[in-house]
Amino acid sequence: MLETIILLGAPGSGKGTIAEELTNVTEYIHVSTGDMLREAVKAEHEVGLKAKKYMDEGELVPDDVIMEIVRERLDRGPDEAHYMFDGFPRTIEQAQLLDAVLTRDGRGRVAHVFLLEVPEEVVVDRLEGRRVCRGCGAVYHVRNIPPEKEGVCDECGGELYQRKDDDKNTVLNRLDVFRKQAEELINYYDGQGVLRRIDALDREKTVQAILAVLNDSTETHDQD
Ligand code: AMP
């Protein structure tokens, strides 16, 4: 069975970083709706033009826009891929529509939803201090992961910038939006028996905890 997994968590809980680490050691294809939207904004595609105002305010982009890019991404394949979503679904409607798309594609249900739990003050500090390279997208933090030379990427020499939605007010709004939507989503996936709560303060331990669940479920499937 083709597996679909989801990384769920507040902005700044480390979904993107953990997803990248998991792609190095598993076969899942990482799909981040936030990354796809930022690319569409940069390229001035129609989707990007529709999404930009919501993103700049830290508000959610409408479900129909999100579902359009997710469907388009899945249709691009490959068909036999296992997908790992990060930052999607964000609403109960998106979760239900995802279920419908998975059924349409004969992919069954979502196998695991990993809820990355990090104290809110840590999340705020991570986001406010985050800097991203304009050139290669590498992620830094002004105190925790500083570049060798301030404002310059160690990898490619590109300029580091602060995402517009990482400024203090927008961060607080994004957290507020997350709190409002998360409970419903958590209940939805808990009800399906696929929610796994992960203490996500330490990156390496988080990756190991997720891999332990994935390995366990592979062994269970192998015995079936
Ligand atoms: P992220 O990089 O996941 O924090 O997403 C950045 C911004 O993109 C969010 O604050 C939203 O404005 C938008 N966004 C990303 N994914 C979604 C989604 N699944 N539903 C609605 N908006 C989204």
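Residues numbered from 1 in each chain as written. Predicted model: local features only at pLDDT ≥ 70, side-chain atom pairs only at ≥ 80, totals over all residues. Heavy atoms only, no water.

J.: Outline the pattern of salt bridges, listing residues and values.
T.: Taken as a whole and judged by the stated rule, the model has 19 salt bridges. For Arg 179, the salt bridge is made with Glu 120, and the minimal N-O distance between the two is 2.7 Å. Of this pair, Arg 179 sits in helix H7 (residues 168-191) while Glu 120 sits in helix H6 (residues 120-128), placing them 59 residues apart in sequence. A salt bridge links Arg 174 to Asp 165, with the shortest nitrogen-to-oxygen separation between them at 3.8 Å. By relative accessible area, Arg 174 is classed as buried at 10%. One network of salt bridges, with partners in common, ties together Arg 130, Arg 163, Asp 165, Asp 166 and Arg 174. (Salt bridge = Lys/Arg side-chain N within 4 Å of Asp/Glu carboxyl O. Helix = DSSP H or I, 4+ residues; strand = E, 2+ residues; numbered from the N terminus. Buried < 20%, exposed > 50% of the residue type's maximum accessible area, 1.4 Å probe, protein only.)

J.: An account of the packing of helix H2 (residues 33-42) against helix H3 (residues 46-57) is needed here, citing residue identities and associated values.
T.: The interhelical angle for the contact between H2 and H3, taken along N-to-C directions, is 115°, at an axis separation of 8 Å. The angle between the axes of H2 and H3 places the two elements in the roughly perpendicular class. Once H2 is placed against H3, the crossing between them reads as left-handed. On H3, the residues that touch Gly 34, Leu 37, Arg 38, Ala 40 and Val 41 of H2 are Val 47, Gly 48, Ala 51, Lys 52 and Met 55. In terms of residue class, the contact of H2 with H3 is built from 6 nonpolar, 2 polar and 2 charged. (Axes fitted to C-alpha atoms, helices over the stretch in contact; angles between N-to-C directions. Parallel < 35°, antiparallel > 145°, perpendicular 65-115°, else oblique. Left-handed = near helix turned anticlockwise from the far one by under 90°. Contact = heavy atoms within 4.5 Å. Nonpolar A, V, L, I, M, F, W, Y, C, P; charged D, E, K, R; others polar.)

J.: How would you explain the site of the ligand if you had to name every residue and give the values?
T.: Close to the ligand lie 16 residues, the nearest being Thr 33, Arg 38, Glu 59, Gly 87 and Gln 94. Within the side chain of Thr 33, one N or O atom sits 2.8 Å away from a nitrogen atom of the ligand. Arg 90 places a side-chain nitrogen or oxygen 3.2 Å from an oxygen atom of the ligand. Alone, the ligand offers 480 Å² of accessible surface; in the complex the protein occludes 96% of this. Considering each element in turn, the shell around the ligand owes the most residues, 4 residues, to H2. Across the shell around the ligand, the residue classes tally to 6 nonpolar, 4 polar and 6 charged. (Near = heavy atom within 4 Å. Polar contact = N/O pair within 3.5 Å; in protein donor to acceptor, adjacent residues only side chain to side chain. Areas by Shrake-Rupley, 256 points an atom, 1.4 Å probe, with all protein chains shown as cover.)

J.: Lay out the packing of H6 against H7 with the relevant residues and their values.
T.: At their nearest, the axes of H6 and H7 sit 10 Å apart, and the two run at 135° to each other. When the interaxial angle is binned, H6 and H7 end up oblique. Crossing of H6 against H7: the hand is right-handed. Residues Glu 120, Val 123, Val 124, Leu 127 and Glu 128 of H6 touch H7, and the partners they reach there are Lys 168, Val 171, Leu 172, Arg 174, Leu 175 and Arg 179. Considered class by class, the residues forming the contact of H6 with H7 number 6 nonpolar, no polar and 5 charged.

J.: Before we move on, could you go through the domain arrangement of the protein chain and cite the residues and values that matter?
T.: For interface size, the figure often reported is the accessible area lost on association. For the protein chain, the assigned domains read domain 1 (3-118 + 168-223) and domain 2 (119-162). Spacing between the C-alpha centres of domain 1 and domain 2 amounts to 22 Å. Carbon and sulfur atoms make up 57% of the surface buried where domain 1 meets domain 2, a total of about 1,000 Å² over both sides. Considering only the surface of domain 1 that becomes buried against domain 2, Gly 12, Val 118 and Val 171 emerge as the three largest contributors, covering 42% of it. For the interface between domain 1 and domain 2, the tally reads 2 salt bridges. Connecting domain 1 to domain 2 are 5 residue pairs in polar contact (both at pLDDT 80 or more). If one sorts the elements of the side of domain 1 that touches domain 2 by residue count, H7 sits on top with 6 residues. For the side of domain 1 that touches domain 2, the residue count by class is 7 nonpolar, 3 polar and 4 charged. (Domains from an automatic or database assignment. Buried area = accessible area lost by both parts, 1.4 Å probe.)

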